[in-house]
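Here is what each chain is made of, one letter per residue.
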Amino acid sequence: MALDIATIDPTDQPTLDAAYRIAATVEARESPDLPPLCRRRFEAPLRHPMPGIDTRWSVARLDGVPVGWFRVNLHLLDNTENASIELAVDPAYRRRGVGRALFAHARRLLREAGCKRVVGSAVTPLPDEPAGATPVGREFPGAAFAAALGARPALVDVRRRLDVTALDRDRLAALRAGARSAAAGYRTVRWHGHPPAEHLADLAYLEGRLLADAPLGDLEWEPERMDAERIQGMERALDARGVRRYSVAAVHGESGRLVAWSVLSLAANTTRHAWQQITIVDPAHRGRRLGLLCKAENLEHTLTYEPELNAVDTYNAAANSHMIAINEQLGFRPVAGSTEWQSTI
């Protein structure tokens, strides 16, 4: 059978339809507890990439039938020797060399672009999960595939979930009150969607610190260079994806600087599921429970706009004990593992 790999044409809707079906099928098998893959969020990177990202997307056809795809993100503003990859093969066409052919094609493309490393994520069992404890229906082919290609596991993450339907509102209020007491001299600000212009510079500083402060394991990844313009470009890209965002941040009363920030987001196709995104505190202002304060207030803030919300998921590096402790105070519990695999190209 003839296997052909070609760049996806943004105007070729039937091929995009097929790529989405493959992606949705794979995600439903590997993470059946998550809502269906959002079509708008899936396609948007083709036409509306994040600022500083060059997205290349190709499809594999077997005898003319789309059976898999990859997309790679080339980084133009920082981490210019690194790339990230997503790769999916229709489960009905696995073990025919499609995945290997796609990765070989992606590797050639990245070498030509001057990249030295590529990183991809794969769903894995929870760390220390006993053999046979994996729920029925869960599959982990990505990890075996990455290992077979010679990639190495560089960072172990854990996905935790907050069951909002079982949320103890009195306990949440007590946590919020305790954090607010510890954060004397700070006030919180809230927004839905785009951040206020007066806070953009401080948000850029915090966003730029994220990869400097978070545990990265063995990933060779440098902090991102952020400024107000890049933050605004990211907001426009999220708008194109239909992502609804809710934020609470802490402002230092004496300096007027925004020094802590937490974000929750919902995809365009759901009112019931959210992702806990960035939570970060300026190192000079840590030890005042600002992270807990922002997360707890933002949960309340989001529920005001999203009353049907019943689950919030978040990823943390398994080694990020501080953030894990905050999440577990709020009621997040482990549900799945994930590993970042890094390969030299």
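Cut-offs and rules
- Residues numbered from 1 in each chain as written.
- Predicted model: local features only at pLDDT ≥ 70, side-chain atom pairs only at ≥ 80, totals over all residues.
- Heavy atoms only, no water.
- Salt bridge = Lys/Arg side-chain N within 4 Å of Asp/Glu carboxyl O.
- Helix = DSSP H or I, 4+ residues; strand = E, 2+ residues; numbered from the N terminus.
- Buried < 20%, exposed > 50% of the residue type's maximum accessible area, 1.4 Å probe, protein only.
- Domains from an automatic or database assignment.
- Contact = heavy atoms within 4.5 Å.
- Buried area = accessible area lost by both parts, 1.4 Å probe.
- Polar contact = N/O pair within 3.5 Å; in protein donor to acceptor, adjacent residues only side chain to side chain.
- Pairing = 2+ DSSP bridges.
- Axes fitted to C-alpha atoms, helices over the stretch in contact; angles between N-to-C directions.
- Phe/Tyr/Trp six-rings, centres within 6.5 Å; stacked < 30°, edge-to-face > 60°.
- Core = buried A, V, L, I, M, F, W, Y, C linked by side-chain atoms within 4.5 Å.
- Parallel < 35°, antiparallel > 145°, perpendicular 65-115°, else oblique.
- Left-handed = near helix turned anticlockwise from the far one by under 90°.
- Nonpolar A, V, L, I, M, F, W, Y, C, P; charged D, E, K, R; others polar.

### As for the pattern of salt bridges
Considering all chains together, one arrives at 26 salt bridges under this definition. The partner of Arg39 in a salt bridge is Glu43, and the shortest N-O contact between them spans 2.5 Å. Taken together, the positions of Arg39 and Glu43, both in helix α2 (residues 39–47) and 4 residues apart, correspond to about one turn of that helix. Classification of Arg39 by relative accessible area gives partly exposed; the value is 27%. Three or more residues joined by partner-sharing salt bridges are found here, namely Glu81, Lys116, Arg117, Arg152 and Glu220.

### Observations concerning the domain arrangement of the protein
How large an interface is tends to be reported as the accessible area lost when its parts come together. Splitting the protein by domain gives domain 1 (3–115) and domain 2 (162–337). Every contact between the two is made by 20 residues of domain 1 and, on the other side, 24 residues of domain 2. For the pair domain 1 and domain 2, the summed buried surface comes to about 1,900 Å²; carbon and sulfur atoms form 57% of the total. It is Arg41, Met50 and Asp78 in domain 1 that bury the most area against domain 2; as a group they hold 29% of the surface buried on that side. A salt bridge links Arg230 to Asp78, with the shortest nitrogen-to-oxygen separation between them at 2.8 Å. Put simply, domain 1 and domain 2 have 9 residue pairs in polar contact (both at pLDDT 80 or more) between them. At the level of elements, α2 and β4 (82–89) are the ones that each hand at least two residues to the side of domain 1 that touches domain 2. Tallying contributions element by element places α2 first for the side of domain 1 that touches domain 2, with 4 residues.

### Observations concerning the sheet that holds strand β1 (residues 3–7)
The 12 strands are arranged β1-β2-β3-β4-β5-β12-β6-β11-β10-β9-β8-β7 in an open sheet whose pairing can be described as mixed. In this open sheet, the two strands that pair with only one neighbour each are β1 and β7 (186–192). When the angles between neighbouring strand axes are averaged without regard to direction, this sheet yields 25 degrees. Two elements, β1 and strand β2 (residues 53–62), share 5 bridges in a ladder whose sense is antiparallel. Counted as the bridge partner of Leu3 is Leu62 from β2. In this fold helix α9 (residues 321–330) packs onto β6 (152–163), β10 (273–281), β11 (311–317) and β12 (333–344), with an angle of close to 160 degrees to the strand it touches most, β11.

### What to know about the packing of aromatic side chains
With the rule as written, the count across this model stands at 6 aromatic pairs. Both rings, one in Phe42 and one in Trp69, keep their centres 5.5 Å apart while their planes meet at 70 degrees; by these two values the pair is edge-to-face. Here Phe42, found in helix α2, pairs with Trp69, found in strand β3 (residues 65–75); they are 27 residues apart in sequence, far enough to count as distant. Centroid distance Tyr246 to Tyr305: 5.4 Å. Interplanar angle 35 degrees. Geometry classified as tilted. One end of the pair, Tyr246, is in strand β8 (residues 244–252); the other, Tyr305, is in helix α8 (residues 290–305), and 59 residues separate them in sequence.

### Re the nonpolar core
Within the largest apolar cluster, 30 residues are counted, with the highest numbers of intra-cluster contacts made by Leu162, Leu290, Leu299, Leu309, Val312 and Leu330. Secondary structure elements with two or more residues in this core: α5 (169–182), β8, β9 (258–266), β10, α8 and α9. In terms of residue count, α8 provides more of this core than any other element does, 7 residues in total. If sequence neighbours within four positions are ignored, Leu309 has contacts with Val164, Leu266, Thr271, Arg272, His273, Ala274, Thr302 and Leu303.

### Some points on the environment of His322
Among the structural elements, His322 can be located in helix α9. For the pair His322 and Gly291, spaced 31 residues apart in the sequence, the C-alpha separation amounts to 10.0 Å.

### Notes on the packing of α8 against α9
Two elements in contact, α8 and α9, have axes separated by 10 Å at closest approach and are oriented at 40 degrees. Classified by the angle their axes make, α8 and α9 are oblique. Of the two elements, α8 crosses α9, and the hand of that crossing is right-handed. Between α8, through Gly291, Leu292, Lys295 and Ala296, and α9, the contact on the second element is made entirely by Met323, Ile326, Asn327, Gln329 and Leu330. Considering only residue class, the contact of α8 with α9 consists of 5 nonpolar, 3 polar and 1 charged.

### Quick look at the environment of Ile324
Looking at where Ile324 falls in the secondary structure, it is placed in helix α9. Given the relative accessible area of 11%, Ile324 is considered buried. Here the alpha-carbon distance between Ile324 and Ala179, two residues 145 residues apart in the chain, equals 16 Å. Residue contacts for Ile324: discarding those within four places in its chain leaves Arg160, Asn316, Ala317 and Ala318.

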